[in-house]
Amino acid sequence: MIDYTYLIFMLPALLFSLWAQARVKSAFAQASRAPAPMTGAQAAQMVMDQGGAVGVDIDRIPGELTDNYDPRDNRIHLSQPVCDAYIMAAVGVAAHEAGHAVQ
C-alpha cells in the first residue's frame, strides 16, 4: 500500500534538491571559464591564515564537487578539480570550505 501523504511531502523536496544541484553544477561550470591568480588549495590556505584557523590540513580527494570540511579531524577535503585548478570556481569553493574551518 502506498502512503500518498508521504509522496505529497517528499516529491517537492526531491524536485527542489534536484533543481538546486543542477544550479550548483551550472554555476560551477560557468565560473570554470574565468581564470584565477591562485589554486583552490592556495585560496583555502589564505582564508584560513587570514581568519586565524590554525592546524587545519588540506587533503586532495577524488570526485567532482565532493569538497567538504570535516571538523572531527580538522581537515578540508578538496576535490581534484578544485585543489589544483587556477579558476574562479575552484577559488570560490575552496574559500567556502575554509570559511567553515575558520568558524
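Above this text you will find the structure in question.
The structure presented is a predicted model; accordingly, all values stated were derived computationally and were not measured.

The rules we used
Residues numbered from 1 in each chain as written. Predicted model: local features only at pLDDT ≥ 70, side-chain atom pairs only at ≥ 80, totals over all residues. Heavy atoms only, no water. Pairing = 2+ DSSP bridges. Helix = DSSP H or I, 4+ residues; strand = E, 2+ residues; numbered from the N terminus. Axes fitted to C-alpha atoms, helices over the stretch in contact; angles between N-to-C directions. Buried < 20%, exposed > 50% of the residue type's maximum accessible area, 1.4 Å probe, protein only.

Here the focus is the sheet that holds strand β1 (residues 57-61). Taken together, the three strands give an open sheet; going across it, the order is β1-β3-β2, and neighbouring strands pair in mixed fashion. Here the strands that pair on one side only, and so sit at the sheet edges, are β1 and β2 (68-70). Direction aside, neighbouring strands of the sheet carry axes that sit 25° apart on average. Bridge analysis of β2 against strand β3 (residues 75-79) gives three bridges, and the strand direction is antiparallel. Within the sheet, the bridge partner assigned to D70 lies in β3 and is R75.

Bringing the pairing of β3 into the picture now. The buried fraction of β3 amounts to four of the five residues, a majority that puts the element mostly inside the structure. Summarising the sheet, β1 and β3 pair through five bridges and their orientation is parallel. Considered in β3, the bridge of R60 is made with L78. With antiparallel pairing between neighbouring strands as the criterion, β2 and β3 make up a hairpin whose turn holds four residues, including N74 at a positive phi of roughly 55°.

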